[in-house]
Amino acid sequence: MSRPVSTYRLQLTPDLGFAQVAALAPYLRDLGVTHVYLSPVLQAVPGSRHGYDVTDHSRIREEFGGAAGFREMAERLAAHDLSVVVDIVPNHMNTVNDRFWSVLKDGPASPYAAWFDIHWVDGQVALPVLGDDVQPVVDGDVLRYHEHTFPYPGHYRLVDWREGPGYRRFFDVSTLIGLRVEDPAVLFATHEVIFWLLDEGLVDGLRVDHPDGLADPRGYLRRLRERTGGAWTVVEKILIGDERLPADWPCDGTTGYEVLNRVTGLFVDPSGAEPLVELFTEMTGRTEDYPAVVARAKRDVLDLFFRAEVNRLAAAASCPPEAVAELLAAMPVYRAYVVPGEPPPPESVEIVERAAASCPPHLQPAVQSLVQQVLYGPPEIVTRFQQACGPVMAKGVEDTALYRWYPLACLNEVGGEPDRFGLTPDEFHASCALMRPHTMTTLSTHDTKRSEDVRARLAVLSEMPREWAVTVKEWSAALSFDPDLDYLAWQNLMAAWPISAERFAEYLLKAAREAKTAISWVEPDPGYERRLREFAHAAVRLPVGEFTGRIDPFAMSNSLGAKLVQLMMPGVPDVYQGNETTDFSLVDPDNRRPVTYPRTPETPWDAAKLLLTGQALRLRRRLGGGGAHLPLRAEGEAAEHAVAFARGSADTPERPRAVAVATRLPVRLARRALVRTATAPLGDGVGGGAVAEPDPAEDMRLGWGATTLTLPHGRWRDLLTGTVHTGRVPLGHLLGRYPVALLERHDL
């Protein structure tokens, strides 16, 4: 097995199966990646576009080509020096499967009863499917209710579809039932095909979906690492703020959401925070207090989705449900990392106690009793509380609060902190020093709220909030719909431009349902939804593209800068399908649309991004994995506009072999040139004025003035331009053609 140096994520669908992946081998090899990273490959619900709804762990998905097709694909990739990483789903599977049918038929006596995390009540499990007055119908040995079928008779009871099920599920999705992989027999039964692929050398690494849902993530990862012989493994773990992956989780790192947010922060101007928050509150009438929005959103989803989970935990802890709900709402992380029977880590104690202290005074006695139990109590209570934190965070923050509070939507990402504007280069370098060397890094995924290039455009607004305010108010005056949605709509319309009315309408419909202020997934309103579509069709006819075109030179700088940083920083860089060129996608399913290969540049931005991605990936392949991250600092009046670092190789980690230099805050950089040459200014210290001067790229180049960067000793060749540099280099010269530079040691 080999550790990836880089990966390329492909979303398998019935239209993009193993044969189609195999055909991409020459393209991906030339691009420079070392591993093809596939979405789940096991048998799933027919027609599934994502594969996280597994129905049979013993089979490779027939729609993709089955086991034979997988082997042929892997062999074709290997012939092009490419290996495979697969996405695995240990937490849950779809409820429509033979094993769960056996459980419904035979109850606790079923040989598969131990597979599922079920709460039996009088030998029955609650199934939330009823939605009208139609009565289930007996048809031979099955019970039919609309499209649903169940064994007749069985060990279940049908309840209203709004009720929680009698089993642990994935978030609020009742069709995805929790698996008990803490049981070694269940783990090996559900991973038999994955282990076979590893044993056969057809797969080199694993991406583990949602480990926070497991009863014992650490124990699962230990067993996985032991069985796989140490295969490269990363986990989909969302880390908030300064939170770090537990040191005792035996894996190589995360899938990179925390890196994504840090890289985005490098290109956000903190001086834009105050005016953008002020604009947001003016446009929406909402509070400036993001933590209050989060707290309210968590309480909303607890009441809407998680009553069954709250009641079950309350009964186990002999505690009022209100106390359970308040403590869950106050938890700031997806998991507190408490293991039953072990002393809780001090950090975990602090997190839980601080959350408890913020609960209402009248509930404090009950909450404090609950705290003792979730930290030191019976395994069931410790574990259930851990498993409940993630869904409440995911549904309350990711899928609610981020759609209610959005002064600058590029900050509203998975694991993001939308009230934190900007990250300094020094903060970025410090975070790199703490990274696991083989963790994954990313900018876009199938789960991000918007693609990296959409975020690159939005980041520009942080440098010019006053001009943005004037423009967005003009659009709003011409067309309005819902104050809770309009400002989010304008940001995403501008940043995803050009976009069809239908794509935009589908995005807004999902955003409105997630926000839950006018409609939700469980409370539709046909009239509101019709007016929303009318708004979307009218909005795309406004001259939004004129503003997008004016900021695109700066957005391109942000895009290339973020891409270079992510591809060259420590870790294993992943490129999401199609993002080697520009991609202006919004949240799924928009970001899972088919991609056409080979990627052909249609704009200068496309061409520059494809050139940069290919050169960086091929350089990383020459360097190998690991290697030191060595911060470099510019000198001069515009030094804050550069982020630069050197990288060593796997063989000589401390000896620099590559240098990456990126431009940050390009609007303010260009403003320096305009002030210096006494031309019309871009605006004052927080933006405003005319942005699109005759040549923004030239303005950025001139904005560097006498600022320089001293390169490590030796000769350095820019892989983007072919120019050779040495010693102390003016940044206006180094970044004269592109806003980024990628240098490789060129000593003869």
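Everything quoted here is computed from the prediction, not taken from an experiment. (Residues numbered from 1 in each chain as written. Predicted model: local features only at pLDDT ≥ 70, side-chain atom pairs only at ≥ 80, totals over all residues. Heavy atoms only, no water.)

Student: Is there a simple way to explain the confidence of the model for the protein in this structure?
Tutor: Caution applies to low-pLDDT parts of the model: their predicted coordinates are not meant to be read in detail. Across the protein, pLDDT averages 95, with 97% of residues at or above 70. Between residues 679–693, whose pLDDT stays under 50, and residues either more than four places distant or in other chains, the model counts 43 contacts. (pLDDT = per-residue confidence, 0-100. Contact = heavy atoms within 4.5 Å.)

Student: Could you clarify how one ought to interpret the packing of aromatic side chains in this entry?
Tutor: Think of a pair of aromatic rings as described by two things: how far the centres are apart, and how the planes are tilted against each other in angle. In this structure the tally under the stated criterion is 27 aromatic pairs. Measuring from centroid to centroid gives 5.6 Å for Phe188 and Phe195, while their planes differ by 50°, and the two rings are tilted. A centroid spacing of 5.1 Å and a plane angle of 45° characterise the contact between Tyr290 and Trp405, whose relative ring orientation is tilted. Remark: Trp405 occurs in the loop between helix H15 (379–398) and helix H16 (425–433) and Tyr290 occurs in helix H10 (residues 290–305); sequence separation between them is 115 residues. Every member of this aromatic cluster is reached through a ring pair, and the members are Phe280, Tyr290, Trp405, Tyr406, Trp468, Trp475, Phe481, Tyr487, Trp490, Tyr528, Phe535 and Phe547. Taking NZ or CZ as reference, Arg457 lies 3.9 Å from the ring centre of Phe584, over its face. (Phe/Tyr/Trp six-rings, centres within 6.5 Å; stacked < 30°, edge-to-face > 60°. Helix = DSSP H or I, 4+ residues; strand = E, 2+ residues; numbered from the N terminus. Lys NZ or Arg CZ within 6 Å of the ring centre and 35° of its normal.)

Student: Help me out: how do you make sense of the pairing of strand S13 (residues 173–178) in this one?
Tutor: Looking along a regular strand, one sees side chains alternate from face to face of the sheet. Pairing between strand S6 (residues 92–94) and S13: three bridges, direction antiparallel. Residue pairing for S13: Asn94 is matched across the bridge by Leu176. Bridge count for strand S12 (residues 169–170) against S13 is two bridges, and the pairing is antiparallel. Across the sheet, Arg169 pairs through a bridge with Ile177, a residue of S13. Between S12 and S13, which pair antiparallel in sequence order, lie two residues; one of them, Phe171, sits at a positive phi of approximately 50°. (Pairing = 2+ DSSP bridges.)

Student: Would you mind going over the side chain of Arg647 with me for this structure?
Tutor: With respect to the element layout, Arg647 can be found in strand S20 (residues 642–647). Judged by its relative accessible area of 3%, Arg647 is buried. Only 2.7 Å separates the side chain of Arg647 from the backbone oxygen of Met568, close enough to count as a polar contact. A distance of 2.9 Å separates a polar atom in the side chain of Arg647 from the backbone oxygen of Gly627. Excluding its chain neighbours within four sequence positions, the residues that come into contact with Arg647 are Met568, Met569, Pro570, Arg620, Gly626, Gly627, Ala628, His629, Arg655, Pro656, Arg657 and Ala658. (Buried < 20%, exposed > 50% of the residue type's maximum accessible area, 1.4 Å probe, protein only. Polar contact = N/O pair within 3.5 Å; in protein donor to acceptor, adjacent residues only side chain to side chain.)

Student: Honestly, the sheet that holds strand S9 (residues 142–145) in this entry has me stumped. Any pointers?
Tutor: The strands making up a sheet associate through hydrogen bonds between their backbones, and the pairing can be parallel or antiparallel. One open sheet accounts for three strands, arranged S8-S9-S10; its pairing is antiparallel. The open sheet has two edge strands, strand S8 (137–139) and strand S10 (148–151), and neither has a second partner. Each neighbouring strand pair of the sheet contributes to a mean axis angle of 30°, computed without reference to strand direction. As judged from the four bridges shared by S9 and S10, these two strands associate in the antiparallel manner. Opposite Arg144, over in S10, you have Thr149 as the bridge partner. In this fold helix H4 (residues 98–106) packs onto S9 and S10, with an angle of close to 55° to the strand it touches most, S10. (Axes fitted to C-alpha atoms, helices over the stretch in contact; angles between N-to-C directions.)

Student: Hey, could you run me through the pairing of strand S14 (residues 205–208) in this one?
Tutor: Burial along S14 is two-sided: Gly205 and Arg207 facing one way and Leu206 and Val208 facing the other are all buried. In this sheet, S14 lies alongside strand S5 (residues 83–88) in parallel orientation, the contact comprising four bridges. When the bridges of S14 are listed, Ile88 appears paired with Val208. Note: S14 against strand S15 (residues 232–235), four bridges, orientation parallel.

Student: In this structure, what is going on with the side chain of Glu744? I would like to understand it.
Tutor: Considering the arrangement of structural elements, one finds Glu744 in strand S24 (residues 740–745). Among the polar contacts made by the side chain of Glu744, one reaches the side chain of Arg622 at a distance of 2.8 Å. In this view, Glu744 contacts Leu619, Arg622, Arg657, Arg715, Trp716, Arg717 and Leu719; residues no more than four positions away in its chain are not counted.

Student: Before we go on, may I ask you to explain the nonpolar core in this structure?
Tutor: General note: in soluble globular proteins, nonpolar side chains tend to be found buried as a group. Counting residues in each nonpolar core, the largest one holds 207 residues, and the members touching the most others are Phe70 and Trp468. Those residues within four positions of Trp468 in sequence are excluded, and the remaining contacts are Leu276, Leu279, Leu461, Trp475, Tyr487, Trp490, Gln491, Met494 and Phe547. Listed in part, the 37 residues of the second largest apolar core include Val349, Ala355, Leu363 and Val367. (Core = buried A, V, L, I, M, F, W, Y, C linked by side-chain atoms within 4.5 Å.)

Student: Just to check I follow, could you spell out the sheet that holds S6 for this structure?
Tutor: Pairing is antiparallel across the open sheet formed by three strands, whose spatial order is S6-S13-S12. Edge strands, defined here as strands with exactly one partner in the open sheet, are S6 and S12.

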